[in-house]
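# Working through the structure, step by step
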Amino acid sequence: PARALPDAGWLCPDRLAWLDAALVGAGGRRVLVFAHHPPCPVGMPRMDAIRLANGDALLDRLRAAGNVAHLFCGHVHRRVSGVAGGIAFSTFESPGERLPLLLDPGAPLRAEAAPGAYGVILAPPGTIAAHAEEIAGG
């Protein structure tokens, strides 16, 4: 599929081939994958319209690899967690701004005044813990 909107994400064939090789190259090791655009809807219509347009291509690869423990994404500027195509995922707030929960498809995208934040991922064997830390002073 082609990109629905100019700001939607897209993984080209070269990037998908690179990912395939990297997943195979990891062998039996547990893999954490980081991407900008989430490959699935997160329930915010305006952000969902500009998610990864070929998200199924990403999820199909991650599921088939059998060694992907978690997918981390940005783009949404909010903390969201869920499961997409059998793959657990998390998003984090932006270091610069946060979006309010906008469930109305007509709501304009607008950042709210809030301190930025970043994610800290702890991944000892058998566990993944994703923490969000606000930046002091905003």
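To keep things clear, this report deals only with the structure shown in the data block. Keep in mind it's a predicted model, so treat the numbers as computed, not measured. (Residues numbered from 1 in each chain as written. Predicted model: local features only at pLDDT ≥ 70, side-chain atom pairs only at ≥ 80, totals over all residues. Heavy atoms only, no water.)

### A look at a nonpolar patch on the surface
On the surface, Tyr118, Val120 and Leu122 cluster together into a nonpolar patch covering about 250 Å² of accessible area. For Tyr118, the position within the fold is in strand 5 (residues 117-122). We classify Tyr118 as partly exposed; its relative accessible area is 40%. (Patch = residues over 30% accessible without salt bridge, like charges linked within 9 Å, V, L, I, M, F, W, Y side chains within 5 Å. Areas by Shrake-Rupley, 256 points an atom, 1.4 Å probe, with all protein chains shown as cover. Salt bridge = Lys/Arg side-chain N within 4 Å of Asp/Glu carboxyl O. Helix = DSSP H or I, 4+ residues; strand = E, 2+ residues; numbered from the N terminus. Buried < 20%, exposed > 50% of the residue type's maximum accessible area, 1.4 Å probe, protein only.)

### Some points on the pairing of strand 6 (residues 129-134)
Across six bridges, the pairing between strand 5 and strand 6 is antiparallel. Across the sheet, residue Ala117 finds its bridge partner in strand 6, namely Glu134. Connecting strand 5 to the next strand, strand 6, in antiparallel fashion are six residues, including Gly126 with a positive phi near 80°. (Pairing = 2+ DSSP bridges.)

### A word on helix 1 (residues 13-25)
Counted at 1.5 Å a residue, the expected span for helix 1 with its 13 residues is 18 Å, and the 18 Å between its end C-alpha atoms agrees. Summarising the contacts, the buried residues of helix 1 are in contact with strand 1 (31-35), helix 3 (55-65) and strand 2 (68-73). Of the residues trailing helix 1, Gly27 is marked for its positive phi of about 60°. (Expected span 1.5 Å × (residues − 1). Contact = heavy atoms within 4.5 Å.)

### Notes on helix 3
Here helix 3 has its buried residues at Gly55, Ala57, Leu58, Leu59 and Leu62. Contact partners of the buried residues in helix 3: helix 1, strand 1, strand 2, strand 3 (80-84) and strand 4 (87-91). Backbone geometry just downstream of helix 3 places Gly66 in the positive-phi region, at approximately 75°.

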